Amino acid sequence: MKLKGAIIGCGFFSHNHMQAWKELKNIEIVAACDLDEKKVKKFCNKFQIPNYFTSINNLLNSHHIDFVDVVTTMETHLEIAKILSKRKIATSMQKPFAQNLINAQKIVRLYANNKTSLMVHENFRWQTPLLEVKKLAKKYNLKKPQYAKISFRHANPVGYTNQTYLYDLKEYLILDVGIHLYDLSRFFLGEALSVYTVNQNTNTKFKGETAFTSLVRHQNNGVSIIDASISSIKTPDRFAQTLVNLEYPNGSIDLDYDYKITVHKKGLKKQHQGNPKKLKWTSKPWDQIQESILNTHKHFINCLHKNKAHDTSGKDNIKSLSLVFASYQSNKFRKEIKLNGKK
């Protein structure tokens, strides 16, 4: 069955979303919407989308839409959610999906009350190298993870020069990248109990933090160390690769630069590769992120067809957002923050 969709938001990253939608069969993006008429016209011309709008209500009044991909900044999401949930439009919403937990919970309730699907476009767990790590853990019978080191450190300005609004955010890297890394910690070790975080500003162009280090305690008694920086000088630069070390009672897995994966067990050392699939429109250094958008879209659509909850539903993503805001509290009060809200 062919599904008709629309995309809301035509900024820098939405171009990757649209390229990925074009890869999928039985999907047609019939309209795009942005407050900036010149921007949405240009976007529609580039991708041969037949209809453009500057009003979401006008779009929905003009076309039958099965789903919407929201690729706008977080402060717009609650008002957009009010419109889409009321009309029962299945929604994929860009992360972070709210600027605080109160609004996140409001958005989740709106969709739940209207019995409508809401997925947060959390794409790091859908990156091929990270999926491969998960598969290899199962293949080598590595269970009950005890420790994770999840690191995203680089010095390549390409990560922010196309999104200059990031300079003015008082809360930057944890909301922009940390949300992904906290989700990965949950993906590999399960739910968190608490977090202790230290933030740094290593680039004075930014008002917010440009580096952070977190220690997360998990319900399974495991521990994650999560760190990120936009000022980590290495040759070659590591953007946009997430490096991971996982330890289990009977072995470990390392995901290193250039998608090299090493599995260690007693008397065993095996090398694997987790390279992302090359697509016509993907290019380094964005390739693993770009391909993950396609994988995330596939998951969104598959769950719609099967009428099942998404792995990164709004309800699920609140758990990652809780880690984000607890981290800011931890840095402020210089204390470990439990996820029940107590300092």
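Our subject is the structure that appears above.
Quick caveat: nothing in here was measured; it's all calculated off a predicted structure.

K.L.:
Help me out: how do you make sense of the overall build of the protein chain in this one?
P.N.:
Counting its secondary structure elements, the protein chain contains nine helices and 15 strands. Over its C-alpha trace the protein chain gives a radius of gyration of 20 Å, about what one expects of a compact globule, namely 20 Å for 343 residues. Each principal axis of the C-alpha atoms in the protein chain carries an extent, and together these give about 60 × 45 × 40 Å. Looking at the 343 residues of the protein chain, the share that counts as buried comes to 55%.

K.L.:
Whenever I open this one, the pattern of salt bridges confuses me. Can you help?
P.N.:
One side chain can pair with another of opposite charge once the charged atoms of both are near each other. Evaluation of the coordinates by the stated rule reveals 14 salt bridges. A salt bridge links Asp183 to Arg125, with the nearest nitrogen and oxygen atoms 2.8 Å apart. A residue pair is termed long-range when its members are at least 10 positions apart, and Asp183 in helix α7 (residues 173–189) and Arg125 in the loop between β6 (118–121) and α6 (128–139) qualify at 58 residues. There is no split in this pair, since Asp183 and Arg125 are both buried. Between Lys284 and Asp287 there is a salt bridge; the shortest N-O distance is 3.3 Å. On the basis of relative accessible area, Lys284 is assigned to the exposed category, the value being 58%. Residue Asp287 is classed as buried on the basis of its relative accessible area of 10%. Linked through salt bridges whose partners overlap, the residues forming this network are Arg125, Asp183, Arg186, Glu191, Asp316 and Lys319.

K.L.:
Mind showing me how you'd approach a nonpolar patch on the surface here?
P.N.:
Residues Tyr196, Val198 and Leu215 make up a contiguous nonpolar surface patch of about 240 Å² in total accessible area. Checked against the element boundaries, Leu215 lands in strand β9 (residues 211–218). Taking the relative accessible area as the measure of exposure, Leu215 reaches 37% and is therefore partly exposed.

K.L.:
How should I be thinking about the nonpolar core in this particular structure?
P.N.:
Generally speaking, nonpolar side chains in soluble globular proteins are found buried as a group. Judged by nonpolar contacts, the single largest core of 105 residues is most densely connected at Phe67, Leu84, Phe97, Ile107, Leu181, Phe188 and Ile253. Among the elements that take part in this core, α7 stands out by supplying eleven residues, more than any other. Dropping the residues within four chain positions of it, Ile253 is found in contact with Val133, Leu136, Ala137, Leu142, Val244, Asn245, Leu246, Tyr248, Ile261, Thr262 and Val263.

K.L.:
Hey, could you run me through helix α5 (residues 101–113) in this one?
P.N.:
Since the α-helix turns once every 3.6 residues, residues separated by three or four places project in the same direction. The end-to-end C-alpha separation of α5 is 18 Å, in line with the 18 Å expected for 13 residues at 1.5 Å each. Every buried residue of α5 is listed here: Asn103, Ala104, Ile107, Val108 and Tyr111. All buried residues of α5 lie within an arc of 140° about the axis, which places them on one face of the element. Facing away from the buried surface of α5 by more than 90 degrees, the exposed residues are Ile102, Ala112 and Asn113. Where the residues of α5 are buried, they touch α4 (77–86), β5 (90–94), β6 and α9 (314–333).

K.L.:
I tried to follow the packing of helix α1 (residues 14–21) against helix α2 (residues 37–47) on my own but got confused; where do I start?
P.N.:
Any two packed helices are characterised by how steeply their axes cross, that is the angle between the axes, and by the distance between the axes. Contact geometry for α1 and α2: axes closest at 11 Å, N-to-C directions at 30°. The angle between α1 and α2 places the two elements in the roughly parallel class. At the point where α1 passes α2, the crossing takes the right-handed sense. Taking contact as the criterion, the partners of Ser14, His15, Met18 and Gln19 in α1 are, on α2, Phe43, Lys46 and Phe47. Residue composition of the contact of α1 with α2, grouped by class: three nonpolar, three polar and one charged.

K.L.:
Sorry if this is basic, but what is going on with unusual backbone geometry here?
P.N.:
Glycine aside, a negative phi is what most residues show, and trans is what most peptide bonds show. In this structure, the amide linkage connecting Lys95 to the following residue, Pro96, adopts the cis form with an omega of -20°. Mapped onto the fold, Pro96 is located in the loop between β5 and α5. The peptide bond linking Phe239 to Ala240 adopts the cis configuration, its omega dihedral lying at 0°. Its place among the elements puts Ala240 in the loop between β10 (223–229) and β11 (243–248). One non-glycine residue, Lys88, lies in the positive phi region at around 60°. Structurally, the position occupied by Lys88 is in the loop between α4 and β5.

K.L.:
Even after reading the chapter, I still don't get the environment of Ile318, so can you show me in this structure?
P.N.:
As for its placement among the helices and strands, Ile318 is situated in helix α9. Placed 218 residues apart in sequence, Ile318 and Asn100 show a C-alpha to C-alpha distance of 9.8 Å. In this structure Ile318 touches Phe97, Leu101, Ala104, Gln105 and Val108, once residues within four positions along its chain are discounted.

Cut-offs applied
- Residues numbered from 1 in each chain as written.
- Predicted model: local features only at pLDDT ≥ 70, side-chain atom pairs only at ≥ 80, totals over all residues.
- Heavy atoms only, no water.
- Helix = DSSP H or I, 4+ residues; strand = E, 2+ residues; numbered from the N terminus.
- Rg over C-alpha atoms; globule rule 2.2 N^0.38 Å.
- Buried < 20%, exposed > 50% of the residue type's maximum accessible area, 1.4 Å probe, protein only.
- Salt bridge = Lys/Arg side-chain N within 4 Å of Asp/Glu carboxyl O.
- Patch = residues over 30% accessible without salt bridge, like charges linked within 9 Å, V, L, I, M, F, W, Y side chains within 5 Å.
- Areas by Shrake-Rupley, 256 points an atom, 1.4 Å probe, with all protein chains shown as cover.
- Core = buried A, V, L, I, M, F, W, Y, C linked by side-chain atoms within 4.5 Å.
- Contact = heavy atoms within 4.5 Å.
- Expected span 1.5 Å × (residues − 1).
- Arc of directions from axis to C-beta.
- Axes fitted to C-alpha atoms, helices over the stretch in contact; angles between N-to-C directions.
- Parallel < 35°, antiparallel > 145°, perpendicular 65-115°, else oblique.
- Left-handed = near helix turned anticlockwise from the far one by under 90°.
- Nonpolar A, V, L, I, M, F, W, Y, C, P; charged D, E, K, R; others polar.

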